[in-house]
Every structure is written in structure tokens, then in C-alpha cells.
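The lines below spell out each chain.
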Amino acid sequence: MEWLTALLLGGVVGLDATSFPQAMYSRPFVAGALGGLVVGRPVEGALIGVLLEFFSLPILPFGAAGYPEGGTAAVASTVAYVWATDGFHPDMLFLAVSFGLVLSHVSGYSVRLLRIRNGRAVGQGDQAAPIEPRSVERGHLLAMGLDFLRGALVTAVGTALMAICLFAASHSGWALPLASINVLGVATLAMIGGSLTIFGTVRERLVSFVLGAAATAVAVWVL
């Protein structure tokens, strides 16, 4: 039943991003933790989610702008990682997050395709005819249903492909050099730094920058 629950979660997360109810559980950190909870390893799910969250921070999803959808990607990455591994594996975690970043762009593209479909559906009606409330309601419900199916489909396909790749990598003895894994940490810190411009005043950004620079220095020294 885990796979069915994961699909339902992916649909609900995809629905929350724009359609309903925008309760923020489509944020990668929350979605990853929920995905981990579904498959019994919430801590690793939260870890994957928070890494994807850092890459989502600089992105502001205003209006009809096209942007990656990290929520469904976080669910798929987490479930695939757990299914393909029997414990904590930094190498596989690196791959799961990398695949998640790619899938988030694919999922974002699917959102744009659905918007095009919805726009065409609205334009097909008789513009001169009076608009019936029930007709509008049916259109909204149909669009929401399609968005749910879109999220579930992206989660299903993404999870399957990622699980196959991760399983093959984990059982072939393949491993990344430590320096390659550190690339993910450096990239994450860079994305956090890039998000400073959208938070707070100049003074608050300066404080955040100093703290971030100190944290980066420590991280580079440790890594």
C-alpha cells in the first residue's frame, strides 16, 4: 500500500502548490518529510526535502510565472531513495537530490502544460452566452482533478525511474568521491546566499550575509 499512499501524497502535494488549498505542505521540506513518513523513514525524507528546499528558496512563484515544482519532486526523491537503500547512504542521497532537482523542472513544465489546457478550455466557450455558476464550478473542479492527477503521475513516473537508477547504483558498488558529494553542500550554501536578496532590509541581509559567510568558511574547513 506504500506505493498507493505515495501516489496520493504526490497528487495532494501537486494540488496544493497552486490549485487548492495552498497550505504550504507542497514546500519541498514538508513534502519530503511527509514522503519519508509514508515509507517509514521521515528523517531522511526531511533531509532530502530541506536540501531541495534550499534550492527552491530564491524562486518566487508569482502569478503565471513558470517555475520548478519542488514538492512532487521531494516526494518522488524520498520514496525512491528509501525503496532503493536499506540505510543512510550519502552517495545515494546525492543522487536522489540531483534527480529531484531535474524532476522539479519536469514537474514545473507539466504545470505549464496544464495551464495551457485550462486556458484553451475557457476559450472554447461561447463568449456571448451568459456564464452559469455551475459551469464555472464544474470547470474549477475539473481543473483541480487534472492537477491532482498530474501530481500523482509525475510522482509515479519520477519515483519509478529514480528507484531503478538508485537501486542499480547502490547494488553495483558504485560510489561518488567525497569531493563530488561536497559539491552538493557548496551548491546548497550558494543557493541559500542567493536567497538573501528577497528577505528583510539591507541591514538584516548584511547580518545574514556575515553569518552565512562564517558558516560557509566552517563548512569548507570541515569538508
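Structure: see above.
The text that follows walks through the structure, step by step, so that each part is easy to find.

Things to note about the packing of helix α2 (residues 28-38) against helix α3 (residues 42-56)
Thought 1: Across the interface, α2 lies against α3 with an axial gap of 7 Å and an inter-helix angle of 160°. On the basis of their axis angle, the class for α2 and α3 is roughly antiparallel. Regarding α2 and α3, the two cross each other, and that crossing is right-handed. Along its contact with α2, which presents Pro-28, Phe-29, Gly-32, Ala-33, Gly-36 and Leu-37, the element α3 presents Pro-42, Gly-45, Ala-46, Gly-49, Val-50, Leu-52, Glu-53 and Ser-56.
Thought 2: Here the contact of α2 with α3 is composed, by residue class, of eight nonpolar, five polar and one charged.

Observations concerning the nonpolar core
Thought 1: Counting 29 residues, the largest nonpolar core has Ile-48, Val-75, Tyr-81, Met-92, Leu-95, Leu-103 and Leu-166 as its most contacted members.
Thought 2: For this core, the secondary-structure elements that each account for two or more residues are α1 (2-18), α3, α4 (70-84), α5 (90-123) and α6 (133-170).
Thought 3: Every residue in contact with Ile-48, bar those within four places of it in the chain, is listed here: Ser-77, Thr-78, Tyr-81, Leu-93, Ala-96 and Val-97.

Notes on the packing of α4 against α6
Between two packed helices, the angle of one axis relative to the other and the distance separating the axes together describe the packing.
Thought 1: Direction vectors running N to C along α4 and α6 enclose 35°, while the axes themselves pass 8 Å from each other. Between α4 and α6 the crossing geometry is right-handed. Each of Thr-72, Val-75, Ala-76, Ser-77, Val-79, Ala-80, Tyr-81, Trp-83 and Ala-84 in α4 lies in contact with α6, whose residues at this interface are Gly-151, Val-154, Thr-155, Gly-158, Thr-159, Met-162, Ala-163, Leu-166, Phe-167 and Ser-170.
Thought 2: Considering only residue class, the contact of α4 with α6 consists of twelve nonpolar, seven polar and no charged.

Brief notes about a nonpolar patch on the surface
Thought 1: A contiguous nonpolar surface patch, about 570 Å² in accessible area, is contributed by Met-1, Trp-3, Leu-4, Leu-8 and Trp-83.
Thought 2: If one sorts the elements of the nonpolar patch by residue count, α1 sits on top with three residues.
Thought 3: Structurally, the position occupied by Leu-4 is in helix α1.
Thought 4: Using a relative accessible area of 30% as the deciding quantity, one classes Leu-4 as partly exposed.

Quick word on unusual backbone geometry
Thought 1: Backbone torsion omega between Phe-20 and Pro-21 reads -5°, so that peptide bond is classified as cis.
Thought 2: Tracing the chain through its elements places Pro-21 in the loop between α1 and α2.
Thought 3: Notably, Gln-22 is not glycine yet its phi reads approximately 55°, a positive angle.
Thought 4: With respect to the helices and strands, the residue Gln-22 is situated in the loop between α1 and α2.
Thought 5: Of note in the backbone geometry, Met-24 takes a positive phi value of approximately 75° without being a glycine.
Thought 6: Looking at the element boundaries, Met-24 is found in the loop between α1 and α2.

So, α2
Thought 1: Every buried residue belonging to α2 is among Pro-28, Ala-31, Gly-32, Gly-35 and Gly-36, and all of these are buried. Down the axis of α2, the sector holding all buried residues measures 135°, keeping them to one side.
Thought 2: Next to the buried residues of α2 lie α1, α3 and α4.
Thought 3: With its phi angle positive at about 85°, Gly-40 sits one or two positions after the end of α2.

Regarding α1
Residues spaced three or four apart along an α-helix face the same direction, because each turn holds 3.6 residues.
Thought 1: When the terminal C-alpha atoms of α1 are compared, their 25 Å separation across 17 residues agrees well with the 24 Å that a helix rising 1.5 Å per residue should span.
Thought 2: Listed in full, the buried residues belonging to α1 are Ala-6, Leu-9, Gly-10, Gly-11, Val-13, Gly-14, Leu-15 and Asp-16.
Thought 3: Against α2, α4 and α6 lie the buried residues of α1.

Structural notes on the side chain of Ser-77
Thought 1: In this structure, Ser-77 sits in helix α4.
Thought 2: Engagement of the side chain of Ser-77 in a polar contact is seen with the backbone oxygen of Ala-96, the distance being 3.3 Å.
Thought 3: If sequence neighbours within four positions are ignored, Ser-77 has contacts with Ile-48, Leu-52, Ala-96, Gly-100 and Met-162.

Here's the deal with the pattern of salt bridges
Thought 1: If you walk through the whole model with that rule in mind, you get four salt bridges.
Thought 2: Across the pair Arg-27 and Glu-53 runs a salt bridge whose closest N-O atoms are separated by 2.5 Å. Here the residue Arg-27 occupies a position in the loop between α1 and α2, and Glu-53 occupies one in helix α3, the gap between them amounting to 26 residues.
Thought 3: A relative accessible area of 11% places Glu-53 in the buried class.
Thought 4: Salt-bridge contacts for Asp-147 lead to Arg-150; the nearest nitrogen and oxygen are separated by 2.8 Å. In this pair, Asp-147 and Arg-150 both sit in helix α6, three residues apart, roughly one turn of the helix. The pair Asp-147 / Arg-150 is uniform in exposure class, with both members buried.
Thought 5: Here the residues in one salt-bridge network are Glu-69, Asp-147 and Arg-150, joined through shared partners.

Calculation rules
Residues numbered from 1 in each chain as written. Predicted model: local features only at pLDDT ≥ 70, side-chain atom pairs only at ≥ 80, totals over all residues. Heavy atoms only, no water. Axes fitted to C-alpha atoms, helices over the stretch in contact; angles between N-to-C directions. Helix = DSSP H or I, 4+ residues; strand = E, 2+ residues; numbered from the N terminus. Parallel < 35°, antiparallel > 145°, perpendicular 65-115°, else oblique. Left-handed = near helix turned anticlockwise from the far one by under 90°. Contact = heavy atoms within 4.5 Å. Nonpolar A, V, L, I, M, F, W, Y, C, P; charged D, E, K, R; others polar. Core = buried A, V, L, I, M, F, W, Y, C linked by side-chain atoms within 4.5 Å. Buried < 20%, exposed > 50% of the residue type's maximum accessible area, 1.4 Å probe, protein only. Patch = residues over 30% accessible without salt bridge, like charges linked within 9 Å, V, L, I, M, F, W, Y side chains within 5 Å. Areas by Shrake-Rupley, 256 points an atom, 1.4 Å probe, with all protein chains shown as cover. Salt bridge = Lys/Arg side-chain N within 4 Å of Asp/Glu carboxyl O. Arc of directions from axis to C-beta. Expected span 1.5 Å × (residues − 1). Polar contact = N/O pair within 3.5 Å; in protein donor to acceptor, adjacent residues only side chain to side chain.

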